[in-house]
Amino acid sequence: MRRDTFLKSLAALAAAGSLPLGAHAAGNNFKLLVPANPGGGWDTTGRALGKALQEAKAADTVTYDNKGGAAGAIGLAQFVNGSKGDPNALMVMGAVMLGGIITGKPPVSLTQATPIARITSEYNVFVLPTNSPFKTMADVVAQLKKDPGSVKWGGGSRGSTEHIAAAMIARAVGVDPSKINYVAFRGGGEATAAILGGNVTVGGSGYSEFSEYITAGKMRAIAVTSAERLPGLDVPTLKEQGIAVEIGNWRGVYGAPGITADQRKALTDHVLAALKTPSWADSLKKNDWTPAVLSGDAFGKFVDEEFASLKDTMTKAGMVS
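All values derive from a computational prediction rather than experimental measurement. (Residues numbered from 1 in each chain as written. Predicted model: local features only at pLDDT ≥ 70, side-chain atom pairs only at ≥ 80, totals over all residues. Heavy atoms only, no water.)

A. Highlighting the overall build of the protein. Assigned secondary structure in the protein consists of 12 helices and 10 strands. A compact globule built from 321 residues should have a C-alpha radius of gyration of about 20 Å, and the protein, at 21 Å, falls within 12% of that. Here the C-alpha coordinates of the protein stretch approximately 80 × 40 × 30 Å along the principal axes. Buried positions account for 52% of the 321 residues belonging to the protein. For the protein, long-range pairs separated by at least 24 residues make up 77% of all intrachain contacts whose partners lie at least 6 apart in sequence. For the protein, the computed accessible surface area is about 14200 Å², with 53% contributed by carbon and sulfur atoms. Computed over 32 positive and 27 negative side-chain charges, the separation of the two mean positions in the protein equals 4 Å. (Helix = DSSP H or I, 4+ residues; strand = E, 2+ residues; numbered from the N terminus. Rg over C-alpha atoms; globule rule 2.2 N^0.38 Å. Buried < 20%, exposed > 50% of the residue type's maximum accessible area, 1.4 Å probe, protein only. Contact = heavy atoms within 4.5 Å. Areas by Shrake-Rupley, 256 points an atom, 1.4 Å probe, with all protein chains shown as cover. Lys, Arg positive; Asp, Glu negative; His and termini not counted. Charge placed at Lys NZ, Arg CZ, Asp CG, Glu CD.)

B. Main features of the nonpolar core. Within the largest apolar cluster, 81 residues are counted, with the highest numbers of intra-cluster contacts made by Leu110, Met137 and Trp153. Broken down by element, the residue count for this core peaks at seven residues, all from helix 7 (residues 161-172). When near neighbours in sequence (up to four residues on either side) are disregarded, Trp153 contacts Phe126, Val140, Leu144, Ala166, Ile169, Ile180, Asn181, Tyr182, Val183 and Val202. Membership of the second largest hydrophobic core comes to 16 residues, among which are Val127, Tyr207, Met219 and Ala221. (Core = buried A, V, L, I, M, F, W, Y, C linked by side-chain atoms within 4.5 Å.)

C. Spatial organisation of the pattern of salt bridges. Under the definition given, this model contains nine salt bridges. The salt bridge partner of Lys31 is Asp86, with a shortest N-O separation of 2.6 Å. With Lys31 in strand 1 (residues 29-34) and Asp86 in the loop between helix 4 (73-82) and strand 3 (89-94), the pair connects residues that are 55 residues apart, well separated along the chain. On the basis of relative accessible area, Asp86 is assigned to the buried category, the value being 16%. Through salt bridges with shared partners, a single network forms among Glu122, Glu209 and Arg251. (Salt bridge = Lys/Arg side-chain N within 4 Å of Asp/Glu carboxyl O.)

D. Quick look at helix 8 (residues 188-196). Listed in full, the buried residues belonging to helix 8 are Gly188, Ala191, Thr192, Ala194 and Ile195. Buried residues of helix 8, viewed axially, fall in a sector of 160 degrees; they line one side. Of the surrounding elements, those touching the buried residues of helix 8 are strand 4 (114-129), strand 5 (152-155), strand 7 (202-206), helix 9 (207-215) and strand 8 (219-224). The first or second residue beyond helix 8 is Gly198, which carries a positive phi of 70 degrees. (Arc of directions from axis to C-beta.)

E. Molecular detail of the pairing of strand 1. Bridge count for strand 1 against strand 2 (residues 61-66) is six bridges, and the pairing is parallel. Counted as the bridge partner of Lys31 is Thr63 from strand 2. Read as a crossover between parallel neighbours, the route from strand 1 over helix 3 (residues 41-55) to strand 2 is right-handed. Direction of pairing for strand 1 relative to strand 3: parallel, over a ladder of three bridges. Residue pairing across strands places Leu32 opposite Leu90, the latter belonging to strand 3. (Pairing = 2+ DSSP bridges. Right-handed = clockwise from strand over helix to strand, strands pointing away.)

F. The arrangement of the layout of surface pockets in detail. The calculated volume of the largest pocket comes to roughly 410 Å³. Looking at the lining of the largest pocket, the elements that each hand over two or more residues are helix 3, helix 9 and helix 11 (278-287). Across the lining of the largest pocket, the residue classes break down as two nonpolar, nine polar and six charged. (1 Å grid on protein atoms, 1.4 Å probe; cavity = no way out; pocket = protein on both sides within 12 Å on 5 of 7 lines; lining within 4 Å. Points joined across faces, edges and corners; volume = space filled by probe spheres on them. Nonpolar A, V, L, I, M, F, W, Y, C, P; charged D, E, K, R; others polar.)

G. Inspection of helix 6 (residues 137-146) at higher detail. Among all positions of helix 6, only Met137, Val140, Val141, Gln143 and Leu144 are buried. Projected down its long axis, helix 6 shows its buried positions confined to an angular sector of 165 degrees, all on one face. Away from its buried face, by an angle of more than 90 degrees, helix 6 presents the exposed residues Ala138, Lys145 and Lys146. Each element contacted by the buried residues of helix 6 is listed here: strand 4, strand 5, helix 7, strand 7 and strand 8. Where helix 6 begins, the capping side chain belongs to Thr136, and its oxygen is found 3.3 Å from the backbone nitrogen of Ala138. (Polar contact = N/O pair within 3.5 Å; in protein donor to acceptor, adjacent residues only side chain to side chain.)

Structure, rendered in structure tokens:
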């Protein structure tokens, strides 16, 4: 049989619903955009989700594309402009991207893409390099009050939750947030290297990114941004230390612009199936992620409300006008 005749026959069988299940699944080749450099929380999340999609038989293959910078806005632009109508395209995103959009005002909008699901939540931890002359958050705050610019806060892109938290800490202790010296990195790997090298005063990120270094004694954890101490981590909250700051970091996934309602539902079903696999359960445990599943229109509404809340917080902290 000629190849073109075979392909036409295959298409006719698919349209008639006569193909075996394996033939339908063969087209599920997912493309997952990670809007950050390798080594950080978004990268870890994306690759864990990709593995789970394959374990759930929702995807035959998953290819990854890391595109870091501007708190995810560069990756968002690539996703919006390059994935239109693609029912197998996914992009990792989260609170950090909202902050980056608020501060950077990029020419693309998250509303151009399609909300699929929120999948995890995580709180930030602040750490010191092991060679730091400071031992506690109180030491950092004392220096911050004395000379705000001398304290170099290292973390993700501008608008990340650790950036917002640093500004909120300054405001809470009576320091002008606009005077903080925040050093933004394109990905968690770069931030980690800067902290380990003693190139910043204090570093912030999700606990999962720093856990191995904290456990190995290569970083000293001095505060968490949660309301209560994190399980298995004997580190005081900011509130315990008299600093009225609490902020969480959630992560989710979006689909491409212009997909149909049926394609969105199928993509959402695939993601939700992945979140029920043993592989995903292992990732949650390994990275100390908290499940925070919310899908469909409810997730879209959550993002809108979170955007408004973050913008209000960042404006009050002096990060945006």
